[in-house]
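Chain and residue survey
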Amino acid sequence: MKRLILTRHAKSSWDDPLTPDHDRPLNERGKAAAADLGQWLASRGYVPDEVLCSDAVRTRKTFSGIAPALPGAPELELKPALYHAGPDVMMAVLQHAVGETVMMIGHNPGIAEFAHRLVAHTPVSPEFTRYPTGATLVVDFLVDAWAEVRFGQGVTVDFVVPREIVA
């Protein structure tokens, strides 16, 4: 079995309109949400041994906020292909993963469509389709290797958005 933790970056800042999209940092709400997500993941034992992350500042900072709560959190593997990637690119990156539990951090609109296409049955949450900032899906695949993963095979384990986390 393989497990994927699929996270959209936390809320980013639009304070400086001259900042290129790739370089936008998290805002204060996003920093708090990332820390809350880390606590939520750790409290449920959802700890990745591999992290595949877009190389955008806001995705890297999302993991930086999550990581302190995770025991033995792995180093970040930056994947430029995940920056605003669509579902097919995200699948290709995932199929080359090596960990047992992989965290992937990306962007909308691609991550929402990727999440929807991955699972056999969507979570019962009005937020799943929208996949707002910080949304996190935990999904299992009954495969021996990531290369075997196909759309529609995923079994939903959990889904959360940061505002649902009670600290």
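All of the points below concern the structure found in this document. Along each chain, numbering runs from 1 in the same order as the chain's sequence is written. For this predicted model, a pLDDT threshold of at least 70 governs which residues receive local features, and a threshold of 80 or more governs which side-chain atom pairs are given and counted, while totals over whole chains, interfaces and linings are taken from all residues. The basis for the side-chain values is all heavy atoms of the structure; hydrogens and waters are excluded.

Summary of the burial criterion: residues with accessible area below 20% of their type's maximum are buried, those above 50% are exposed, and those between are partly exposed, where the area comes from a 1.4 Å probe applied to protein chains only. Starting at the N terminus, helices and strands are each numbered in turn, a helix being any DSSP run of H or I of at least four residues and a strand any DSSP run of E of at least two. By the burial criterion, the buried members of helix α4 (residues 110-118) are G110, I111, A112, F114, A115 and L118. Contacts between residues were defined by any pair of non-hydrogen atoms, one from each residue, lying within 4.5 Å. On its buried side, α4 packs onto β1 (2-8), α3 (87-94), β4 (101-106) and β5 (136-141).

What makes a nonpolar core is a set of buried Ala, Val, Leu, Ile, Met, Phe, Trp, Tyr and Cys residues whose side-chain atoms join them at distances within 4.5 Å. Counting residues in each nonpolar core, the largest one holds 29 residues, and the members touching the most others are L4, L6, L94, M104, F114, Y131 and L137. Those elements giving two or more residues to this core turn out to be β1, α3, β4, α4 and β5. For this core, the leading source of residues is α4, giving 5 residues. Sequence-distant contacts of L4, defined by excluding residues within four places in its chain, comprise L94, V102, M104, F114, L118, L137, V138, V139, F141 and W146. Residues A34, W40, F63 and L70 belong to the second largest nonpolar core, which totals 19 residues.

Another aspect to go through is the pattern of salt bridges. Throughout this description, the term salt bridge denotes a Lys or Arg side-chain nitrogen within 4 Å of a carboxyl oxygen of Asp or Glu. The tally for this structure, following the rule as stated, stands at 10 salt bridges. Between E28 and K31 there is a salt bridge, with its nearest N and O atoms 3.1 Å apart. Of the two residues, E28 and K31 both sit in helix α1 (residues 28-43), 3 residues apart, roughly one turn of that helix. Judged by its relative accessible area of 43%, K31 is partly exposed. Where D88 meets R117, a salt bridge forms, and the shortest distance between an N and an O atom there is 3.7 Å. Linking D88 in helix α3 with R117 in helix α4, this pair joins segments that are 29 residues apart in sequence. We classify D88 as exposed; its relative accessible area is 52%. According to the relative accessible area criterion, R117 is partly exposed, its value standing at 32%. Linked by salt bridges that have partners in common, D21, R24 and R58 make up one network.

This part covers the sheet that holds β5. Note on pairing: DSSP must find at least two bridges between two strands before they are called paired. Spatial ordering of the open sheet is given by β3-β2-β4-β1-β5-β6, a layout of 6 strands whose pairing is mixed. Of all strands in the sheet, those with a lone pairing partner are β3 (76-78) and β6 (155-160), marking the two edges. Within this sheet the neighbouring strands show an average axis-to-axis angle of 20°, counted without direction. Pairing geometry for β1 and β5, over 6 bridges, is antiparallel. Its bridge partner being in β5, T7 is matched across the sheet by T136. Sheet contacts for α1: β1, β4, β5 and β6; angle to β5, the most-contacted strand, approximately 30°. Orientation is described by axes fitted as lines to C-alpha atoms, over the contacting stretch for helices, and by angles from 0 to 180 degrees between their N-to-C directions. Against the sheet, helix α2 (residues 57-66) makes contact with β1, β2 (50-53), β3 and β4, and its axis sits at roughly 135° relative to β4, the strand it touches most.

For the rest of this paragraph, the subject is the environment of A10. In this fold, A10 is placed in the loop between β1 and α1. On a C-alpha basis, the gap between A10 and G134 in space is 4.4 Å, while along the polypeptide they are 124 residues apart. Beyond its immediate chain neighbours, meaning those up to four positions away, A10 contacts L26, G30, A34, T62, T133 and G134.

The contact between α1 and α2 brings their axes to 7 Å, and the two run at 50°. The orientation of α1 relative to α2 falls into the category oblique. Relative to α2, the crossing made by α1 is right-handed. Within the contact between the two elements, α1 uses A34, A35, L37, G38 and L41 and α2 uses T62, G65 and I66. Put simply, Ala, Val, Leu, Ile, Met, Phe, Trp, Tyr, Cys and Pro go in the nonpolar bin, Asp, Glu, Lys and Arg in the charged bin, and everything else, Gly too, in the polar bin. Its residues assigned to classes, the contact of α1 with α2 comprises 5 nonpolar, 3 polar and no charged. These descriptions rest on fixed angle ranges, namely under 35 degrees for roughly parallel, over 145 for roughly antiparallel, 65 to 115 for roughly perpendicular, and the rest for oblique. For any pair of crossing helices, the crossing counts as left-handed if the nearer helix is rotated counterclockwise from the farther one by less than a right angle, and right-handed if it is rotated clockwise.

Functional significance is not addressed by these values, which are geometric in nature.
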